[in-house]
Amino acid sequence: MSKGPISKFISKYYLHFNAAALVDAAKGYESQLQSGAKMLVSLAGAMSTAELGKIFAEMIRQDKVHIISCTGANLEEDLMNLVAHSHYKRVPNYRDLTPQEEWDLLEKGLNRVTDTCIPEEEAFRRLQTHIYDLWKKAEKEGKRYFPHEYMYQMLLSGVLEEYYEIDVKDSWMYAAAEKNLPIVCPGWEDSTMGNIFASYVLKGDLKASTVKSGIEYMTFLADWYTANSGKGIGFFQIGGGIAGDFPICVVPMLYQDMERTDTPFWSYFCQISDSTTSYGSYSGAVPNEKITWGKLGIDTPKFIIESDATIVAPLIFAYLLDM
């Protein structure tokens, strides 16, 4: 398929420095797919609230993503945007807000993420009612599921349809649910839904075991990696933090701790990060450091793009979608 105008634009004008790294990373991702390798995409930060779903959902539909690692925030905030978009409030002058103005937003039930406020009542509470029913149902039936599986169930059941405020095609979670795409969500407990679930456990209303744990996510990922790494698995990391740190460790865990020395390294690595290299900064560590931890090989294609992920990721995805 011939490349579209966005792809041609970046190929013509993005020739040096971070711009060139963006194009090289996109071409490297494309080569991985053409060779039959699979790709893990990790989502940190607030990519869902940045509405990355508008293009990421199409990446999922076109089988250019095979597994996702994301924070609990990204897992739920895509759904929140789906059901409460018109109630969001944009604050373009967020850098000028005083502590009192921040407090006023809290009292209005508006939780700020950079320049965007998520409405508590319309977003959090609309999800809470329905996901609680699924938690309770699973517990009564003696069943246990991962956090993302409960959200898949909620989406596919249709109970949220009456609240939809955007085109469902722009929801990456809905696209993933339709494909039953594998997801790992490390540290889910620190998300809003994780906090809500913990509150029910504290009240004695639910058991902690009703939601599967992070260790179970790691063992699931280990089995998935082992089963799918025949032609390679690439690692495309958006941002830093646990969404990237957690899954990349599955390789040294299998190789060193399980002593499966035939485990292949990640076959491609790219990180989009605005964290510059510094002492003790994992997110700012250059990819070569990962060789010493048994995550990447000497010959693994490695890319780092030091820029804003909300600008870079859509451009790379546009290239891969031939836009």
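Please refer to the structure higher up on the page.
Engineer: Give a description of helix H6 (residues 120-140) that names residues and reports values.
Structural biologist: If you check H6, its first and last C-alpha atoms are 29 Å apart, about what 21 residues at 1.5 Å a residue would give, namely 30 Å. Where H6 bends most, the angle comes to about 25°, and this point is threonine 129. Within H6, burial applies to Ala123, Phe124, Leu127, Gln128, His130, Ile131, Tyr132, Leu134, Trp135 and Ala138. Check the buried side of H6 and you find it contacts helix H4 (72-84), strand E4 (110-113), strand E5 (116-119), helix H7 (147-157) and helix H9 (192-202). Once H6 ends, the next one or two residues include glycine 142, with phi positive near 70°.

Engineer: Describe the pattern of salt bridges, and please don't skip the residues or the numbers.
Structural biologist: Applying the stated criterion to the full structure yields 12 salt bridges. Residue aspartate 63 is joined to lysine 179 by a salt bridge in which the shortest nitrogen-to-oxygen separation is 2.9 Å. Separated by 116 residues along the polypeptide, aspartate 63 in the loop between helix H3 (53-61) and strand E2 (67-70) and lysine 179 in helix H8 (residues 172-179) bring together distant segments of the chain. On the basis of relative accessibility, which here comes to 44%, the residue aspartate 63 falls in the partly exposed class. Residue lysine 179 is classed as partly exposed on the basis of its relative accessible area of 37%. In this structure, the salt-bridge partner of aspartate 115 is arginine 90, at a minimum N-O distance of 3.1 Å.

Engineer: Which residues make up the environment of serine 157, and what are the values?
Structural biologist: Structurally, serine 157 is set in helix H7. Since its relative accessible area comes to 47%, serine 157 is described here as partly exposed. Counting along the chain gives 85 residues from serine 157 to glycine 72, while the straight-line C-alpha distance between them is 21 Å.

Engineer: Explain the sheet that holds E5 to me, using residue names and the numbers behind them.
Structural biologist: Spatial strand order, E3-E5-E4: three strands in an open sheet with antiparallel pairing. Each end of this open sheet is capped by a strand with a single partner; those strands are strand E3 (89-90) and E4. Note: E4 against E5, four bridges, orientation antiparallel. In the strand pairing of E5, valine 113 is matched with threonine 116.

Engineer: Talk me through the nonpolar core; I want residue IDs and the actual numbers.
Structural biologist: Soluble, globular proteins show a tendency: their nonpolar side chains are buried together. Ranked by size, the top nonpolar core spans 96 residues in total, and within it Phe56, Trp135, Trp172, Phe236 and Ile238 carry the most contacts. Counting residues per element, this core draws most heavily on helix H13 (residues 309-320), at nine residues. For isoleucine 238, the contacting residues outside a window of four places in its chain are Val41, Ser42, Leu43, Ala44, Met47, Leu52, Ile272, Ala309, Ala313 and Phe317.

Engineer: Any details on the layout of surface pockets? Residues and values, ideally.
Structural biologist: Estimates place the volume of the largest pocket at around 430 Å³. Lining the largest pocket we find 21 residues, and of these Gly45, Ala46, Met47, Asp308 and Thr310 sit closest to its centre. Counting only elements with at least two residues in the lining of the largest pocket, the list comes to strand E8 (268-273) and H13. There is about 180 Å³ of room inside the second largest pocket. Lining the second largest pocket we find 17 residues, and of these Trp188, Glu189, Phe197, Val211 and Lys212 sit closest to its centre. Contributing elements (two or more residues each) for the lining of the second largest pocket: H9 and helix H10 (214-228).

Engineer: Break down the pairing of strand E1 (residues 38-43) for me, with residues and values.
Structural biologist: On a regular strand, one side chain projects to one face of the sheet and the next to the other, so that they alternate. In terms of residue burial, E1 counts as a mostly covered element, since five of its six residues are buried. Bridging between E1 and strand E7 (residues 233-238) involves six bridges; their strand directions are parallel. The residue bridging serine 42 from the neighbouring strand is glutamine 237, located in E7. Bridge analysis of E1 against E2 gives four bridges, and the strand direction is parallel. Bridge pairing links valine 41 to isoleucine 68 in E2. Once the chain exits E1 it traverses H3 before rejoining the sheet at E2, and the crossover so formed is right-handed.

Engineer: Any chance you could break down the packing of aromatic side chains for me, citing the residues and the numbers?
Structural biologist: The full count for this structure, using the stated rule, is 20 aromatic pairs. Aromatic pair phenylalanine 9 and tyrosine 14: ring centres 6.2 Å apart, planes at 70°, arrangement edge-to-face. Among the residues examined, phenylalanine 9 registers a relative accessible area of 44% and is labelled partly exposed. Ring geometry for phenylalanine 236 and phenylalanine 317: centres 5.8 Å apart, planes at 45°, overall tilted. One end of the pair, phenylalanine 236, is in strand E7; the other, phenylalanine 317, is in helix H13, with 81 residues separating them in the sequence. Residue phenylalanine 236 shares its accessibility class with phenylalanine 317, and that shared class is buried.

Engineer: Explain unusual backbone geometry to me, using residue names and the numbers behind them.
Structural biologist: The phi dihedral of threonine 114 is positive, around 55°, even though this residue is not glycine. Relative to the helices and strands, threonine 114 is located in the loop between E4 and E5.

About the thresholds
- Residues numbered from 1 in each chain as written.
- Predicted model: local features only at pLDDT ≥ 70, side-chain atom pairs only at ≥ 80, totals over all residues.
- Heavy atoms only, no water.
- Helix = DSSP H or I, 4+ residues; strand = E, 2+ residues; numbered from the N terminus.
- Expected span 1.5 Å × (residues − 1).
- Bend = angle between axes of the 7 residues up to and from the residue.
- Buried < 20%, exposed > 50% of the residue type's maximum accessible area, 1.4 Å probe, protein only.
- Contact = heavy atoms within 4.5 Å.
- Salt bridge = Lys/Arg side-chain N within 4 Å of Asp/Glu carboxyl O.
- Pairing = 2+ DSSP bridges.
- Core = buried A, V, L, I, M, F, W, Y, C linked by side-chain atoms within 4.5 Å.
- 1 Å grid on protein atoms, 1.4 Å probe; cavity = no way out; pocket = protein on both sides within 12 Å on 5 of 7 lines; lining within 4 Å.
- Points joined across faces, edges and corners; volume = space filled by probe spheres on them.
- Right-handed = clockwise from strand over helix to strand, strands pointing away.
- Phe/Tyr/Trp six-rings, centres within 6.5 Å; stacked < 30°, edge-to-face > 60°.

These figures come from the coordinates and say nothing about function on their own.
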